[in-house]
Amino acid sequence: MTTLSAPPVLSADPSAPRRSPLAPKGGRRRRFLLRLLALAVLYGLWELTARTMQNPTFIPSPGAVWHQLIQTSTTHDGVRGYSGSLLIEHLGISLRRILIGSVIGVAGGLVLGVLMGVVSWLRVVTEPVVTFVRALPPLAYFSLFIIWFGIDETPKLWLLSIAALPPVAVATAAAVQGAPTGLVEAARALGAGRWEVVRDVTLPNALPEIFTGVRLAVGMAYSSVVAAETINGVPGIGGMVRDAQRYSQTDVVVLGLFAIGLSGLLIDALLRTAENRLIPWRGRA
């Protein structure tokens with residue numbers, strides 16, 4: 001008599017990564033092709049619109065913007081770049097301003113957010129002020145900074161710092177207040193003091209939200225750089241855009257916007273990479 005035996009059951013290694021049955025194969029390649037297709041469609045629409053309008057002051061062609069990229073990145077006929085500086089130099093000066101302003105704003109927002117989350121009366125006092133500042137457009141208080149500090153670097157750095165502070169402060173305060181009660185009480189039961197609980201329990205738990213606030217803060221600094229360089233902003237990519245706008249050099253304006261946007265994408269990608277490295281537990285139960 002023949003007996004049927006069950007097939008052997010292979011024990012899976014629990015530590016081995018499992019592929020979701022719903023995850024499509026070649027997902028990265030498909031995303032890359034979709035993005036490439038979207039870029040091709042946008043380029044085609046841009047070229048078609050420029051040819052249809054035939055008004056380079058209104059919509060410059062991709063070829064005109066590319067020509068300005070070459071012109072502003074090299075020295076030709078004794079003219080160096082745009083207003084005496086190469087495009088990379090304009091961008092580098094703006095990025096330096098954004099970096100300094102973002103660091104000051106993020107540091108101030110982190111300290112203020114922790115205090116707002118821990119000290120309840122301080123949150124009641126400062127939260128309306130932070131919300132008020134966050135709602136103001138940068139140009140609304142930039143003129144005041146010019147009156148106070150002149151037209152050099154100081155008002156620009158103040159503007160970018162103030163623009164970057166509220167997102168970090170709000171995100172940090174909310175994350176600190178939302179720390180798991182069980183973990184906080186357990187730490188206190190083990191003899192941890194108030195600030196030890198903040199350092200060892202609250203802040204590690206709040207890091208994902210804090211990083212979100214940091215990314216928003218850098219985005220606010222980027223969106224404010226043109227306003228910051230309105231006055232005496234050349235060299236600087238925002239100042240280059242404003243100067244080109246005065247002379248109706250739309251192709252230079254578009255080139256500057258591309259430079260700001262692409263560098264912003266790169267910085268945001270670096271922040272996301274740092275977030276994934278420093279907070280590997282984000283999104284895990």
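The structure presented is a predicted model; accordingly, all values stated were derived computationally and were not measured.

**Topic: the overall build of the protein chain**
So, step 1. The helix and strand tally for the protein chain stands at ten helices and two strands.
So, step 2. Reading the secondary structure of the protein chain in the N-to-C direction produces α-α-β-β-α-α-α-α-α-α-α-α.
So, step 3. Within the protein chain, buried positions represent 35% of all 285 residues.
So, step 4. Contacts in the protein chain between residues far apart in sequence, at least 24 positions, make up 69% of those at least 6 positions apart.

**What to know about the UniProt feature "transmembrane region" (unreviewed entry) in the protein chain**
So, step 1. Listed under "transmembrane region" (unreviewed entry) in the UniProt record, and renumbered for this structure, are residues 32-49, 98-122, 129-151, 157-176 and 252-271.
So, step 2. With 96% helix and 0% strand, the stretch residues 98-122 has end C-alpha atoms that lie 29 Å from each other.
So, step 3. Overall, residues 129-151 shows 83% helix and 0% strand. The separation of its end C-alpha atoms is 26 Å.

**Comments concerning helix H1 (residues 27-53)**
So, step 1. Counted at 1.5 Å a residue, the expected span for H1 with its 27 residues is 39 Å, and the 39 Å between its end C-alpha atoms agrees.
So, step 2. Those residues of H1 lying buried are Gly27, Glu47 and Ala50.
So, step 3. Buried-residue contacts for H1 involve helix H2 (62-73).
So, step 4. Downstream of H1 by one or two residues, Gln54 has phi in the positive range, about 50°.

**Some words on the confidence of the model for the protein chain**
So, step 1. Mean pLDDT over the protein chain stands at 82; residues scoring 70 or higher make up 89%.
So, step 2. Between residues 1-23, whose pLDDT stays under 50, and residues either more than four places distant or in other chains, the model counts one contact.

**Observations concerning the nonpolar core**
So, step 1. Membership of the largest hydrophobic core comes to 36 residues, with the highest contact counts inside it found for Ile98, Leu159, Val214, Ile237 and Met240.
So, step 2. Every element with two or more residues in this core is listed here: helix H3 (87-118), helix H5 (138-149), helix H6 (153-177), helix H8 (194-228), helix H9 (237-246) and helix H10 (250-278).
So, step 3. If one sorts the elements of this core by residue count, H8 sits on top with ten residues.
So, step 4. Once you skip the residues sitting within four places of it in the chain, Leu159 turns out to touch Pro138, Tyr141, Phe142, Phe145, Ser224, Ala227 and Ala228.

**Overview of the pattern of salt bridges**
So, step 1. Within this structure, the stated rule accounts for nine salt bridges.
So, step 2. A salt bridge links Arg51 to Glu47; its shortest N-O distance comes to 3.0 Å. Highlighted residues: Arg51 and Glu47, both in helix H1, separated by four residues, approximately one helical turn.
So, step 3. Judged by relative accessible area, Arg51 falls into the exposed class, the value being 59%.
So, step 4. As a salt-bridge pair, Glu275 and Arg215 come within 3.9 Å of each other at their nearest N and O atoms. With Glu275 in helix H10 and Arg215 in helix H8, this pair connects stretches of sequence that are 60 residues apart.
So, step 5. You can call Arg215 partly exposed: its relative accessible area is 28%.

**A closer look at unusual backbone geometry**
So, step 1. Within the chain, Ser83 stands out as a residue other than glycine whose phi angle is a positive 55°.
So, step 2. Along the polypeptide, Ser83 turns up in the loop between strand S2 (79-80) and H3.
So, step 3. Relative accessible area serves as the criterion here: at 46%, Ser83 is assigned to the partly exposed category.
So, step 4. Residues other than glycine seldom take positive phi values, yet Ser248 does so here, at roughly 60°.

**Focus on the packing of helix H4 (residues 120-135) against H6**
So, step 1. Running from amino to carboxyl end, H4 crosses H6 at an angle of 140°, the nearest separation of the two axes being 9 Å. In terms of their interaxial angle, H4 and H6 are classed as oblique. Taken as a pair, H4 and H6 cross one another with a handedness that is left-handed. In this structure, H4 uses Arg123, Val130, Val133 and Arg134 to contact H6, whose residues at the interface are Ile162, Pro166, Ala169, Val170, Ala173, Ala174 and Gln177.
So, step 2. When the residues that make up the contact of H4 with H6 are grouped by side-chain class, the tally is eight nonpolar, one polar and two charged.

**Points about the packing of aromatic side chains**
Two measures describe an aromatic ring pair: the distance that separates the ring centres and the angle between the ring planes.
So, step 1. One pass over the structure, following the stated rule, counts seven aromatic pairs.
So, step 2. Plain terms: the ring middles of Phe145 and Trp148 are 6.1 Å apart, the flat faces sit at 50° to each other, and that makes the pair tilted. Of the two residues, Phe145 and Trp148 both sit in helix H5, three residues apart, roughly one turn of that helix.
So, step 3. Judged by relative accessible area, Phe145 falls into the buried class, the value being 8%.
So, step 4. Members of the aromatic cluster, connected to one another through ring pairs, are Tyr141, Phe145, Trp148, Phe149 and Trp158.

What counts as what
Residue positions are given per chain, counting from 1 as you read along its sequence in written order. Only residues with pLDDT of 70 or above have their local features reported here, since the model is predicted, and side-chain atom pairs are shown and tallied only from 80 upward, although totals for entire chains, interfaces and linings are computed over all residues. Water and hydrogen atoms play no part in the side-chain values, which are based on all heavy atoms of the structure. Put simply, DSSP H or I for four residues or longer makes a helix, DSSP E for two residues or longer makes a strand, and each gets a number counted from the N terminus. Exposure classes here rest on a 1.4 Å probe applied to the protein chains alone. A residue is buried below 20% of its type maximum, exposed above 50%, and partly exposed in between. Throughout, a residue-residue contact means that at least one pair of heavy atoms, one from each residue, lies within 4.5 Å. UniProt positions are given in the numbering used here, feature names are shortened, and annotations may be inferred rather than shown by experiment. A helix is expected to reach a length of 1.5 Å times the quantity of its residues less one. The quantity called pLDDT is the predictor's confidence in a given residue, expressed from 0 to 100. Remark: nonpolar core denotes a set of buried residues (Ala, Val, Leu, Ile, Met, Phe, Trp, Tyr, Cys) joined through side-chain atoms within 4.5 Å. Salt bridges are identified by distance alone: a Lys or Arg side-chain nitrogen within 4 Å of an Asp or Glu carboxyl oxygen. For helices, the fitted axis covers only the stretch in contact; all axes are lines through C-alpha atoms, and the angles between them, taken along N-to-C directions, range from 0 to 180 degrees. Orientation labels follow simple angle bins: below 35 degrees gives roughly parallel, above 145 gives roughly antiparallel, 65 to 115 gives roughly perpendicular, and whatever is left gives oblique. Crossings are assigned a handedness: left-handed for a near helix turned anticlockwise from the far helix by less than a right angle, right-handed for a clockwise turn. Think of it as three bins: nonpolar holds Ala, Val, Leu, Ile, Met, Phe, Trp, Tyr, Cys and Pro, charged holds Asp, Glu, Lys and Arg, and polar takes everything else, Gly as well. Each aromatic pair joins two rings of Phe, Tyr and Trp (for Trp, the six-membered one) with centres within 6.5 Å, and gets the label stacked for planes under 30 degrees apart, edge-to-face for over 60, and tilted for any other angle.

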